[in-house]
Amino acid sequence: MEKGVMRPGHVQLRVLDMPKALKHYVELLGLIEVDRDEQGRVYLKGWTEVDKFSVVLREADEAGMDFMAFKVRNDGTLSRLTEELAAFGCALEEIPAGELKGCGRRIRFVAPSGHCFELFADKEQTGKWGLSEVNPEAWPRGLQGMKATRFDHCLLYGDNLADTLRLFTEVLGFSLAEQVIDPAGNRVAQFLTCSMKAHDVAFIQHAEPGKFHHASFFLETWDDVLRAADLISMTNTSIDIGPTRHGLTHGKTIYFFDPSGNRNEVFCGGDYHYPDHPPVTWTADQLGKAIFYHDRELNERFLTVLT
């Protein structure tokens, strides 16, 4: 059933040192700074994104994710989904328009996994950075670092995956695109999409709720991922693993850390999903291959380093 959730809208990340974080996200990752607010938050976007911002950085004493937001079709959709979230049992908070600069009112709720999410309908649209809406060139000059095109998804670790799946599929209209099943038949990983992408948000079973694994940004080609690996080495940035390929989603990827310890991913490619497609299933005994298709074994940091 069409629920009216269109795509990921933004993620707010906590960083320990804003100047160091900006050097990482702007100069290395290649996001573009678009604004700051009176709280000291900094707003960023990828160069292909039409909305004003997709990443908000907030300086804090502890790294991690404050919330992830999804954009819905219109304000009527937002009101309807607010009622459905309340009926599901979610505690709701309405954040007024303008609390994030250029963004309309937001509805904030906590998923059974312990993560904070938001829905919104309106955000100022400033267009693709450096390109005209009429007769645009292929790409803008002046891009930095990895030249990240867009904020793509988050992977989150938490408990109660079954109720989280119900919330996202029954209330928000997401599809289950891929999953990992353990020998007892329990779903220990779920990759959810509200679009044709392999996933817009994903969850891994973890005893501690509300943990952040990574925010992911899309690059155009495998050569771009390899170039990102070179830049990681050139800047002595802490690397997790890669370049490699996933079995899950088949994306080509590299993982690394920002100066605060938040994990980032840049990737290209990946599968597509339509609502009538059955979920792709991996078995837990093949988890190493599912996550790191070439190595076929898990990197301990990937499983244990969370913010």
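See the structure shown above.
Residues numbered from 1 in each chain as written. Predicted model: local features only at pLDDT ≥ 70, side-chain atom pairs only at ≥ 80, totals over all residues. Heavy atoms only, no water.

Moving on, we come to the sheet that holds strand β16 (residues 263–269). Strand pairs in the sheet, formed through backbone hydrogen bonds, run parallel or antiparallel to each other. Strand order in the open sheet formed by 9 strands is β14-β15-β16-β13-β9-β12-β11-β10-β17, with mixed pairing between adjacent strands. Two strands lie at the open edges of the sheet, namely β14 (239–245) and β17 (280–283), each paired on one side alone. If you compare each strand with its neighbour and ignore which way they point, the axes differ by 20 degrees on average. Examined bridge by bridge, strand β9 (residues 150–158) and strand β13 (residues 211–218) share 7 bridges and lie antiparallel to one another. Across the sheet, L156 pairs through a bridge with F212, a residue of β13. (Pairing = 2+ DSSP bridges. Helix = DSSP H or I, 4+ residues; strand = E, 2+ residues; numbered from the N terminus. Axes fitted to C-alpha atoms, helices over the stretch in contact; angles between N-to-C directions.)

The next subject is the packing of helix α2 (residues 75–88) against helix α3 (residues 161–171). The contact between α2 and α3 brings their axes to 11 Å, and the two run at 150 degrees. The angle between α2 and α3 places the two elements in the roughly antiparallel class. For α2 against α3, the interelement crossing comes out right-handed. Across from L81, E84, L85 and F88 in α2, the residues of α3 making contact are D163, R166, L167 and V171. For the contact of α2 with α3, the per-class residue count stands at 5 nonpolar, no polar and 3 charged. (Parallel < 35°, antiparallel > 145°, perpendicular 65-115°, else oblique. Left-handed = near helix turned anticlockwise from the far one by under 90°. Contact = heavy atoms within 4.5 Å. Nonpolar A, V, L, I, M, F, W, Y, C, P; charged D, E, K, R; others polar.)

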